[in-house]
Amino acid sequence: MTLLGLGTYRSRDVVTSAAIAAAAGCPLIDTAPAYGKGTHQAALAPILKEHPRVRIATKVGHMTTGQACAALVGGVLTEDEAATRHSIAPAYARHQVGMSRAELQRPMLDLVYLHNPDHHHNGDRQGLHARIREAFTALEEARTEGLLLGYGVATWSGFRDSAFTVPELACLAEEAAGGPRTGLAAVQLPVSMVQIDPIRHALAGTGPIIAARDAGWEVWGSAPLHGGELPARINDHLADYIATGTDPARAALLVAAATPGLTGVLLSTTNTNHWRQAAETVTGPRLSPLRLKDLCDLLQPVP
């Protein structure tokens, strides 16, 4: 069964979204230091305190201007990193883990992703992999200290652009940990009717989703509605083809949730009924692999 987690990237009212999701039994809330212009994590703290069983996933990488200035003054960020407002350097990773623990008021974070580690890598895979290894080393140290349970990689285009593969990430984690027992536990990537390649690959038993699942990691699909833009692109005829009598939003969720190997998908809403409907859609009967393959071929014909 695919799970429904709360994604907070585009949430305009994160407190309401989180309260609705947590009350409905949402298993995981996904956030990041830069979300909500740097306000989301602190805003989530009371909800997390009220619902201690809800897992929290946060990130290291992107930052607001204010966060960059503070880190620069604190000596954990270079001027170049501050200018790009992105860093996965070990010193910054340790700093951000500490800040996230304080803002979220969780002494131990459930999951910490490297957030788009391929940001500005400019095709230098060797250099990128070295930076990921160093960041993994910092996160392994934090795990040993009891500051986090696991870590992962959340990327928009890293797998698609071949910046890294799941086996390469696993190897880098083993090098960081000094052995096969690592804290690398999850990946997050976009999965939708717009980002169709991960679905097609998963159906064929290949690609990052299947590789991560086979490694025993969680695999979370982000942007199943493509930032809320997708339902408007789905006409009634296509929605009905996906599942008779369904509406465009639920049709899009059905496609993402049916992807083999996914642990769950991330969604945000401030409407209780919308969350209930989404949860019923995601956790309910799935599209068959044959129907999903037909949809992939329809949306992105194979030459």
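Above this text you will find the structure in question.
Nothing here was measured: the structure is a model prediction, and the numbers come from that model. (Residues numbered from 1 in each chain as written. Predicted model: local features only at pLDDT ≥ 70, side-chain atom pairs only at ≥ 80, totals over all residues. Heavy atoms only, no water.)

## Points about the overall build of the protein chain
Operational definition: Numbering of helices and strands runs from the N terminus; a helix is a DSSP stretch of H or I covering at least four residues, while a strand is a stretch of E covering at least two. Here, residues are in contact when the closest pair of their heavy atoms is within 4.5 Å. For the area figures, the Shrake-Rupley method with a 1.4 Å probe applies, and any residue is considered shielded solely by the protein chains shown. For the charge count, each Lys or Arg is scored as positive and each Asp or Glu as negative, with His and the chain ends excluded. Lysine's charge is taken at NZ, arginine's at CZ, aspartate's at CG and glutamate's at CD.
Looking only at helices and strands, the protein chain features 15 helices and eight strands. For the protein chain, long-range pairs separated by at least 24 residues make up 77% of all intrachain contacts whose partners lie at least 6 apart in sequence. Accessible surface computed for the protein chain: about 13500 Å², of which carbon and sulfur atoms make up 53%. Counting 25 positive and 28 negative side-chain charges, the protein chain places the averaged centre of each group 4 Å from the other.

## Topic: the pattern of salt bridges
Selection rule: Salt bridges are defined by distance alone: a side-chain nitrogen of Lys or Arg within 4 Å of a carboxyl oxygen of Asp or Glu. Think of it in three bands: with a 1.4 Å probe and only protein chains considered, a residue is buried below 20% of the maximum accessible area for its type, exposed above 50%, and partly exposed in between.
Using the criterion set out here, one finds 14 salt bridges in the structure. Between E140 and R143 there is a salt bridge, with the nearest N and O atoms lying 3.1 Å from each other. Of the two residues, E140 and R143 are both situated in helix α7 (residues 125-144); the distance of three residues between them amounts to about one turn of the helix. The exposure class of R143 is partly exposed, given its relative accessible area of 29%. In this structure, the salt-bridge partner of R250 is D247, at a minimum N-O distance of 2.7 Å. Owing to a relative accessible area of 31%, R250 belongs among the partly exposed residues under this scheme. Salt bridges here are not isolated pairs; linked through shared partners, they connect R200, K293 and D297.

## Quick look at the layout of surface pockets
Put simply, the test is: Only protein atoms enter the 1 Å grid used here, on which a cavity is any set of points holding a 1.4 Å probe that cannot leave and a pocket is any open set flanked by protein within 12 Å on both sides along at least five of seven lines; residues with an atom within 4 Å of a point are listed as lining. Grid points are joined across faces, edges and corners, and a volume is the space filled by probe spheres set on the points. Three categories are distinguished: nonpolar for Ala, Val, Leu, Ile, Met, Phe, Trp, Tyr, Cys and Pro, charged for Asp, Glu, Lys and Arg, and polar for the others, with Gly belonging to the last.
What the largest pocket holds in volume is close to 1200 Å³. Forming the walls of the largest pocket are 41 residues, and the residues nearest its centre are R10, A223, G227, G228 and S268. Looking at the lining of the largest pocket, the elements with two or more residues in it are α2 (35-38), α13 (248-257), β8 (264-267) and α14 (272-283). Here the residues of the lining of the largest pocket are counted per class, giving 13 nonpolar, 20 polar and eight charged.

## Quick look at the nonpolar core
Our working definition: In this description, a nonpolar core means a group of buried Ala, Val, Leu, Ile, Met, Phe, Trp, Tyr and Cys residues linked to one another through side-chain atoms lying within 4.5 Å.
In this structure, I132, F136, L169 and I242 are the most contacted members of the largest nonpolar core, which totals 83 residues. Contacts of I132, omitting those with residues within four sequence positions, involve I88, L114, P117, F164, L169 and L172. Listed in part, the eight residues of the second largest apolar core include L28, Y113, A186 and W220.

## Section: the pairing of β8
Here is the rule: Between any two strands, pairing holds if DSSP finds at least two bridges.
Here β8 shows two buried faces, one formed by G264 and L266 and the other by V265 and L267. Two elements, strand β1 (residues 3-7) and β8, share four bridges in a ladder whose sense is parallel. Directly across from L6, in β8, lies its bridge partner L267. In this sheet, β8 lies alongside strand β7 (residues 218-222) in parallel orientation, the contact comprising two bridges. If you follow W220 over to β8, its bridge partner there is G264.

## Remarks on unusual backbone geometry
For K37, which is not glycine, the phi torsion reads 55° and is therefore positive. With respect to the secondary-structure elements, K37 resides in helix α2. Although it is not a glycine, N122 adopts a positive phi angle of roughly 55°. For N122, the position within the fold is in the loop between β4 (109-115) and α7.

## Observations regarding the packing of aromatic side chains
The relation between two aromatic rings is expressed through the spacing of the ring centres and the mutual angle of the planes. Threshold: Between rings of Phe, Tyr and Trp, where Trp is taken as its six-membered ring, a pair exists when centres lie within 6.5 Å; planes separated by under 30 degrees are stacked, by over 60 edge-to-face, and by other angles tilted. Put simply, a charge is over a ring when the Lys NZ or the Arg CZ is close to the ring centre, within 6 Å, and near the line of the ring normal, within 35 degrees.
Applying the stated criterion across every chain, the model contains three aromatic pairs. Consider the rings of Y9 and Y35, whose centres lie 5.2 Å apart with planes at 50°: the pair is tilted. You can see Y9 sitting in the loop between β1 and α1 (14-23) and its partner Y35 sitting in helix α2, a full 26 residues away along the chain. Judged by relative accessible area, Y9 falls into the exposed class, the value being 56%. Ring geometry for F136 versus Y151: centroids 5.0 Å apart, planes at 45°, classification tilted. Of this pair, F136 sits in helix α7 while Y151 sits in strand β5 (residues 148-154), and the two are 15 residues apart along the sequence. Residues F136 and Y151 agree in their burial class; the two are buried. Lying over the aromatic face of Y241, R291 brings its terminal NZ or CZ to 4.8 Å of the ring centre.

Everything listed here is a matter of coordinates, which is why it stays silent on function.
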